[in-house]
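Listed below are the residues making up each chain.
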Amino acid sequence: MILDLKSVFISDGASLPVDFELDMHDMDFFGICPIKKPVSVKGKVFNRAGIVTADLSCSVEFTAPCDRCGKETVKHHEVHTQRVLVSRLADRESDEIIEIPNMQLDVTELCTDEVVLNLPMKHLCREDCKGVCATCGKDLNEGKCGCNSVSHDPRLEALAQLLNDN
Ligand SMILES: [Zn+2]
Ligand SMILES: [Zn+2]
């Protein structure tokens, strides 16, 4: 969606509400598309003392397997962005400033980039997810399995074998 911001640029105190849905259902994250529902984007673009700022919040529902145990997990994330918009960039580049020469902002592009860059790297069903046993595959959140957890050390395994033989 393209926002025409001329009216905001020319008048101090002007404000334009932003409220739209962003379709990211085919956005690929490491082979899966976890943003099945449209992302709700809300906020405003406002002019305060001649400085035009876009203040936007993207509400994302992220559905993907837990990084540790693999259980399908839904998490909500709020990705907030605040950027100063200028019609001409004076001299130096800045991450906080976006140049829009024709006073038109592509909010779809801005919000898509923000969501992709700012989603948490970790996706866990719960903070203390214990994952699954590497040996038997049991979900360790549901309790311990019968496997000896120290047996992954090959030296100890050899020792255990030795003791068993005697
Ligand atoms: Zn988990
Ligand atoms: Zn096990």
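Worth saying up front: this structure is predicted, and the values here are computed from it rather than measured.

Rules of the game
Every residue gets a number counted from 1 within its own chain, in the order that chain's sequence is written. As they are written, the chains are lettered A onward and the ligands numbered 1 onward, keeping that order. In view of the model being predicted, local features appear only for residues whose pLDDT reaches at least 70, and side-chain atom pairs are presented and counted only at 80 or more, with totals across whole chains, interfaces and linings using the full set of residues. Put simply, DSSP H or I for four residues or longer makes a helix, DSSP E for two residues or longer makes a strand, and each gets a number counted from the N terminus. The domain boundaries here were taken from an automatic or database domain assignment. By the convention adopted here, residues are in contact when the distance between their C-beta atoms, placed from the backbone, does not exceed 7 Å. For the exposure call, what matters is how many other C-beta atoms sit within 10 Å of a residue's own: 20 or more marks it buried, 12 or fewer exposed, and in between partly exposed, using C-beta atoms placed from the backbone. By convention in this section, buried Ala, Val, Leu, Ile, Met, Phe, Trp, Tyr and Cys residues joined through C-beta atoms within 7 Å make up a nonpolar core.

Draft legend 1. Examining the environment of Pro17 more closely. Here Pro17 shows up in strand 2 (residues 15–22). When the C-alpha positions of Pro17 and Phe62 are compared, they lie 25 Å apart, and in sequence the two are 45 residues distant.

Draft legend 2. Expanded view of the domain arrangement of the chain. Taken as a whole, the chain is organised into domain 1 (2–129) and domain 2 (130–166). Spacing between the C-alpha centres of domain 1 and domain 2 amounts to 45 Å. Between domain 1 and domain 2, the contact holds five residues from the first and five residues from the second.

Draft legend 3. Representation of unusual backbone geometry. At Phe30, a position not held by glycine, the phi torsion is positive, near 50 degrees. Among the secondary structure elements, Phe30 is positioned in the loop between strand 2 and strand 3 (39–48). A tally of 6 C-beta atoms within 10 Å means that Phe30 is categorised as exposed. Phi is positive for Met103, which is not a glycine, with a value near 60 degrees. Among the structural elements, Met103 can be located in the loop between strand 6 (97–99) and strand 7 (104–106).

Draft legend 4. The nonpolar core, seen in detail. In this structure, Val39 and Cys58 are the most contacted members of the largest nonpolar core, which totals 18 residues. Sorting the residues of this core by element identifies strand 3, strand 4 (51–65) and helix 2 (107–118) as the ones contributing at least two each. Among the elements that line this core, the one with the most residues is strand 4, at four residues. Aside from chain neighbours lying at most four places away, what touches Val39 is Glu21, Leu22, Met24, Cys58, Ser59, Val60 and Val115.

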